[in-house]
Amino acid sequence: MSSTPVDETFELLTPSAALLPVLAGLRSALTRLGNTPTKTTSRVWENIPVMDISSGIARFSIWMDGYDQGMIPRDDSEVQNDINHRLSTDYEIMSPSDLGDRFAVMLNRASVTSRYRRIAETPDITRLFKDSRALGWQGFDVVSASETEKRLIRNRRMFVDYFRQDFDWTQLRAIELAHAASLIDYAVFMEMVTKEEAEPYARRVTVEAITRYPSWNAFARALLTAQVFESLNDGEIRALQQIQPIEELLQWLLAKVWIDTPWPRLTN
């Protein structure tokens, strides 16, 4: 449930005809993901398989990067070159210290959840038009933005308002955790760090994930929510087209991968 106060001064936007199929389709997919059987297991903090959980979380992001089933192909020079380019160029990671810095920035900056929270907590849409961060940009005056950019802000606000009583910004945190977990797997694959050296990063991802989400189902629902929210960048049609294939991907992970790594349920 959202903790954002809603009163007579808080503007709520009704979904447009173009966006409503996206929101309704997402709601139906979230229900189906919640009904898929998964496993949990009782664990104490010292006995959590953090590398297994973190790698499981990373599978979604790695799959979205183009690697089938979220698996990094071994003994493939083209894949090694691609991942090396991804780390060095996209993330400016060329050493273990760079990995630590980028990992911390990715989780602390929290670009997706920060944007969602800002949109949710701003009382009216006019104020959002004056906040460049609502588009995820810095130093941009939205007053002079195009109608396309204003439509994006409206769509994001309609998304937030539609689900306001279902969840808040923390629902979208899963996508940031998945991206951070993929950095760990990529760095281990490239032998930038050993599995032992990667363990503190994996523990950071795993601890937050199991603290925020009670099951793989909940984590899958959060990933789909975040992915559809972000796909609004490309318009309503693209967002709608994202729902089915990503739900199918997540259903496969739930049934074929995550089922073998029960979600830790903490005990005293």
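Position numbers for residues start from 1 in each chain and track the written sequence from start to end. Whole-chain, interface and lining totals are the exception, using all residues; otherwise, since this is a predicted model, local features are given only for residues with pLDDT of at least 70 and side-chain atom pairs are given and counted only at 80 or more. Side-chain descriptors were evaluated using all non-hydrogen atoms of the structure, hydrogens and water having been removed beforehand.

### A closer look at the overall build of the protein
Secondary structure counts use DSSP, requiring at least four H or I residues in a row for a helix and at least two E residues in a row for a strand, with both numbered from the N terminus. From N to C terminus, the protein includes 11 helices and two strands. When the elements of the protein are put in sequence order from the N terminus, they spell out α-β-α-α-α-α-α-α-α-α-α-α-β. With respect to the three principal axes, the spread of C-alpha positions in the protein is 55 × 40 × 35 Å. Each residue gets one of three labels from its accessible area relative to the maximum for its type: buried under 20%, exposed over 50%, partly exposed in between, using a 1.4 Å probe on protein chains only. For the protein, with 268 residues in total, the buried portion stands at 49%.

### Comments concerning the nonpolar core
When a protein is soluble and globular, its nonpolar side chains tend to lie buried together. Note on terminology: a nonpolar core comprises buried Ala, Val, Leu, Ile, Met, Phe, Trp, Tyr and Cys residues joined through side-chain atoms within 4.5 Å. The biggest cluster of nonpolar side chains holds 82 residues, and the ones touching the most others in it are Ile57, Phe159, Phe219, Leu223, Leu224, Leu250 and Trp258. Here this core gets 11 residues from one element, more than from any other, and that element is helix H8 (residues 173-189). Look past the residues within four positions of isoleucine 57 in its chain and what remains in contact with it is Leu177, Ala178, Ala181, Val205, Ala209, Trp216, Phe219 and Trp258. Residues are treated as being in contact if the distance between any of their heavy atoms lies within 4.5 Å.

### Brief notes about the confidence of the model for the protein
Averaged over all residues, the pLDDT of the protein equals 90, while 91% of them reach at least 70. Looking over the protein, one finds the lowest element-wise mean pLDDT in helix H6 (residues 125-129), namely 79, and the highest in helix H1 (residues 20-34), namely 98. Between residues 1-8, whose pLDDT stays under 50, and residues either more than four places distant or in other chains, the model counts 15 contacts. Summary of the metric used: pLDDT quantifies the predictor's per-residue confidence within the range 0 to 100. Note on residues 137-143: pLDDT under 50 across the span, and 18 contacts to partners over four residues away in sequence or across chains.

### A short note on the packing of H1 against helix H10 (residues 216-231)
For helices, the fitted line uses only the C-alpha atoms of the stretch in contact; every axis is such a line through C-alpha atoms, and the angle between N-to-C directions lies from 0 to 180 degrees. Closest axis-to-axis distance for the H1/H10 pair is 9 Å, and the angle between their directions is 165 degrees. Relative to H10, the element H1 is oriented roughly antiparallel. Of the two possible hands of crossing, H1 and H10 adopt the one that is right-handed. For the pair H1 and H10, the contacting residues are Val22, Leu26, Ala29, Leu30, Thr31, Leu33 and Gly34 in the first and Asn217, Ala220, Arg221, Leu224, Thr225 and Val228 in the second. Under the scheme applied, nonpolar residues are Ala, Val, Leu, Ile, Met, Phe, Trp, Tyr, Cys and Pro; charged residues are Asp, Glu, Lys and Arg; polar residues are all the others, including Gly. Looking at the contact of H1 with H10, its residues break down into eight nonpolar, four polar and one charged. Oblique is the label for any angle not under 35 degrees, not over 145, and not in the 65 to 115 range, which are roughly parallel, roughly antiparallel and roughly perpendicular in turn. Crossing chirality is assigned from the near helix's rotation relative to the far helix, an anticlockwise turn below a right angle marking it left-handed and a clockwise turn marking it right-handed.

### Here's the deal with the side chain of glutamate 176
Structurally, glutamate 176 is set in helix H8. When its relative accessible area of 3% is taken as the criterion, glutamate 176 is described as buried. Excluding residues within four positions of it along the chain, glutamate 176 makes contact with Met106, Leu107, Ala110, Ser111, Val112 and Thr113.

### Examining the packing of aromatic side chains
Side-chain rings of Phe, Tyr and Trp, where Trp is taken by its six-membered ring, are said to pair if the distance between their centres is within 6.5 Å; with planes under 30 degrees apart they count as stacked, over 60 as edge-to-face, and otherwise as tilted. With the rule as written, the count across this model stands at 14 aromatic pairs. Between tyrosine 67 and tyrosine 186, the aromatic rings sit 6.4 Å apart at their centres with planes inclined by 65 degrees, giving edge-to-face as the arrangement. One end of the pair, tyrosine 67, is in the loop between helix H2 (50-64) and helix H3 (77-90); the other, tyrosine 186, is in helix H8, with 119 residues separating them in the sequence. Of the residues examined, tyrosine 67 reaches a relative accessible area of 7% and is grouped as buried. Aromatic side chains tryptophan 216 and phenylalanine 219 sit 6.3 Å apart centroid to centroid with 90 degrees between the ring planes, which places their arrangement in the edge-to-face category. Note that tryptophan 216 and phenylalanine 219 are positioned in helix H10 at a spacing of three residues, about one turn of the helix. Site record: aromatic cluster; members linked through ring pairs are Tyr116, Phe159, Tyr162, Phe163, Phe167 and Phe229.

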